[in-house]
Amino acid sequence: MTVAVRSFAKINLGLYIGAARADGFHDLRTVYQTIALHDVIRVSVGRGSGIEILCKNKDPRVPLDSSNTCYRMAELVLDELGAKGRVSVEIEKRLPVQGGLGAASSNAVATMVALELALPKTRARKKKLSEPARLRIAAEVGSDLPLFLVGGTALGVGRGEEVYPLADLPSLPMVVVMPEVGVSTPQAFADWDALMGSGAELRSAGQPGAAVPTRIWTGGDARRSIGNDELTRPGASDRLFEVGRALSAWLSGSPNTGAPAKGGSRAGNLLLDLVRTGIENDFERVVFPQYPELRDIKGALERAGSRYASLSGSGSTLYGLFQSRADAAKAASRLRKQGLKAVATRTLTRRQYWKKSLVASR
């Protein structure tokens, strides 16, 4: 049986880096948002044993051995379910490698979803993965994998693996620019540590005096309410405390963050609020000096009419959010004429994310 699943990308709406932890990771604060750009993962299970990774596009940057996140995911799922068989995972690559869109992580979660559907249903194997098992396995493979088991708009804390569903932002038009250059996330973290070790001054997150709601707006489908005390558990820096308040102020729609109280669409108000709250991506401080062309692309997005532009993750992909689909399409066309690989797309709500996930099963 072969199952094909869309492996959607994500962007980061703000990303703040805390101090390095004892385990070598960093505490983070970010808002993840899934978007419509995607790879396609096809999983088939046959007789025999072993795991095979294929890349339909033959992209040399995609590992075909056990270092591929899809391989590790397939291994863990088989072990958890006590299942056997020869698993073939084919990756149709459309998203950039080392692009900051979470492609490898999304591919792994898509492999989990597809493999569970592709495994033959027998009397010996009727059980499915429990939700806790899915999240545990995902976090074991990588920090931002759990996001792709949630979809839509989600808060990421810890090293990014603690994911909490937020009330979905409406689907927003956007333009994604995918440069040819790839940025190494480990190197970007190392550069950040070096910058902080040099005594560089940190900018505060958000506007001074912004209102501080007592909780993050989580919506009816959230697993639990997230208060500022959880955003600032022992060990978190004072800076991340301020970040938690800035994100909370934006997502709760606080009237003191600068968004108009009346008039305009919800999406338009959220965009204005996002800009005025001042949410940023810390990686820009270390990636832009290393890759000045990425800073130039952000500027090009802003000149093309983006209401909010940012690096996604550690890059190299950048995105801009727009007021309308027509504005996004016009901007993408303008950027392509400048020689950039730009595509107009949109963000995906949680419902859209899961509705569009399955491509085919045969």
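Before any of the text, the structure's been laid out above.
Along each chain, the written sequence defines residue order, and numbers are assigned to residues from 1. Side-chain atom pairs in this predicted model are given and counted only at pLDDT of 80 or more, local residue features only at pLDDT of at least 70, and totals for whole chains, interfaces and linings cover all residues. The side-chain figures draw on all heavy atoms in the structure; neither hydrogens nor water molecules are used.

**Section: the overall build of the protein**
Here is the rule we go by: Numbering of helices and strands starts at the N terminus; helices are DSSP runs of H or I of at least 4 residues and strands are runs of E of at least 2. A simple rule labels every residue: compare its accessible area, found with a 1.4 Å probe on the protein chains alone, to the largest value its type can have, and call it buried under 20%, exposed over 50%, or partly exposed in between. Contacts between residues were defined by any pair of non-hydrogen atoms, one from each residue, lying within 4.5 Å. Here the open area of atoms and residues is found with the Shrake-Rupley method and a 1.4 Å probe, where only the protein chains shown may cover a residue.
A count of helical and extended segments in the protein gives eleven helices and 13 strands. Expressed as a percentage of the 362 residues in the protein, the buried residues total 54%. Considering only contacts within the protein whose residues lie at least 6 apart along the sequence, 75% involve residues at least 24 apart. When the accessible surface of the protein is totalled, it reaches about 16000 Å², and 51% of it is carbon and sulfur.

**Some thoughts on helix 2 (residues 103-118)**
Put simply, the test is: Expected span of a helix, by definition, is 1.5 Å for each gap between consecutive residues, and there is one gap fewer than residues.
Over its 16 residues, helix 2 extends 22 Å from the first C-alpha to the last, a length consistent with the 22 Å expected when each residue adds 1.5 Å. Of all 16 residues that make up helix 2, 13 are buried, and the element is covered over most of its length.

**A few points about the sheet that holds strand 12 (residues 342-346)**
Selection criterion: Two strands are said to pair when DSSP picks up at least two bridges between them. To obtain each axis, a line is fitted to C-alpha atoms, and for helices this fit is confined to the stretch in contact; angles are then taken between N-to-C directions over 0 to 180 degrees.
One open sheet holds the four strands; their spatial order is 10-11-7-12, and the pairing between them is antiparallel. This sheet does not close on itself; its edge strands, each paired only once, are strand 10 (308-311) and strand 12. Strand-to-strand twist in this sheet, taken as the mean axis angle between neighbours without regard to direction, amounts to 20°. Taken together, the four bridges between strand 7 (residues 173-177) and strand 11 (residues 318-321) define a ladder with antiparallel strand orientation. Within strand 11, the residue paired with Val175 across the bridge is Gly320.

**Things to note about the nonpolar core**
Worth spelling out the cut-off: Residues enter a nonpolar core if they are buried and are Ala, Val, Leu, Ile, Met, Phe, Trp, Tyr or Cys, with the set joined through side-chain atoms within 4.5 Å.
Residues Val43, Met73, Val87, Val89 and Leu115 are the most contacted members of the largest nonpolar core, which totals 45 residues. Of all elements in the fold, only strand 1 (2-20), strand 2 (26-46), strand 3 (51-55), helix 1 (69-81), strand 4 (86-92), helix 2 and helix 3 (131-141) reach the threshold of two or more residues within this core. Sorting elements by how many residues they give to this core places helix 1 first, with eight residues. Not counting chain neighbours up to four residues away, the residues in contact with Val87 comprise Val43, Ser44, Val45, Gly50, Ile51, Glu52, Ala74, Leu78 and Leu115.

**Re the pairing of strand 1**
Of all 19 residues that make up strand 1, 16 are buried, and the element is covered over most of its length. Where strand 1 and strand 2 come together, 14 bridges link them in antiparallel fashion. Its bridge partner lying in strand 2, Lys10 is registered against Thr34. Taking the residues between adjacent antiparallel strands as the criterion, strand 1 and strand 2 are bridged by five residues, where Gly24 takes a positive phi near 95°.

**So, the packing of aromatic side chains**
Quick note on the threshold: Pairing of aromatic rings covers Phe, Tyr and Trp, the last through its six-membered ring, and needs centres within 6.5 Å; plane angles under 30 degrees mean stacked, over 60 mean edge-to-face, and all others mean tilted.
What the rule picks out here adds up to four aromatic pairs. Relative to Tyr353, the ring of Phe8 has its centre 5.6 Å away and its plane inclined at 50°; by these criteria the two rings are tilted. Note that Phe8 is positioned in strand 1 and Tyr353 in helix 11 (residues 350-355), a separation of 345 residues in sequence. The exposure classification of Phe8 matches that of Tyr353, with both residues buried. Relative to Phe283, the ring of Phe189 lies with its centre 5.0 Å away and its plane at 75°, an arrangement referred to as edge-to-face. Note that Phe189 is positioned in helix 4 (residues 185-197) and Phe283 in the loop between helix 7 (266-277) and helix 8 (284-290), a separation of 94 residues in sequence. Phe283 shares its class with Phe189; the two are buried.

**Some remarks on the packing of helix 1 against helix 3**
Applied cut-off: Helix crossings fall into two classes, left-handed where the near helix is turned counterclockwise from the far one by less than a right angle and right-handed where it is turned clockwise. The nonpolar class holds Ala, Val, Leu, Ile, Met, Phe, Trp, Tyr, Cys and Pro. Asp, Glu, Lys and Arg form the charged class, and all remaining residues, Gly among them, are polar.
Helix 3 packs onto helix 1 with a crossing angle of 145° between their chain directions and a minimal axis gap of 10 Å. Both helix 1 and helix 3 take part in a crossing whose hand is right-handed. Between helix 1, through Thr69, Arg72, Met73, Leu76 and Glu80, and helix 3, the contact on the second element is made entirely by Ala133, Arg136, Ile137, Ala138, Glu140 and Val141. Looking at the contact of helix 1 with helix 3 residue by residue, the class counts come to six nonpolar, one polar and four charged.

**Points about helix 1**
Stated formally: We define a polar contact as two N or O atoms separated by no more than 3.5 Å, with the added condition that, inside protein, one atom must be a possible hydrogen donor and the other a possible acceptor, whereas residues neighbouring each other in sequence contribute only through side-chain atom pairs.
Here helix 1 spans 18 Å end to end across 13 residues, near enough to the 18 Å set by a 1.5 Å rise per residue. Of the positions making up helix 1, those classed as buried are Cys70, Tyr71, Met73, Ala74, Leu76, Val77, Leu78 and Leu81. Elements in contact with the buried residues of helix 1: strand 3, strand 4, helix 2 and helix 3. Taking the backbone nitrogen of Cys70 as reference, a side-chain oxygen 2.8 Å away marks Asn68 as the first, capping residue of helix 1. Positive phi appears at Gly82, one or two residues downstream of helix 1, with a value of about 65°.

**Brief notes about the pairing of strand 10**
Residue alternation in strand 10 divides its side chains into two sets, Tyr308 and Ser310 and Ala309 and Leu311, and both sets are buried. Sheet topology note: the strand 10/strand 11 ladder contains four bridges and is antiparallel. Across the sheet, residue Ser310 finds its bridge partner in strand 11, namely Tyr319. Where strand 10 hands over to strand 11, the hairpin turn is made up of six residues, of which Gly313 adopts a positive phi near 55°.

Taken by themselves, the reported measurements are silent on function.
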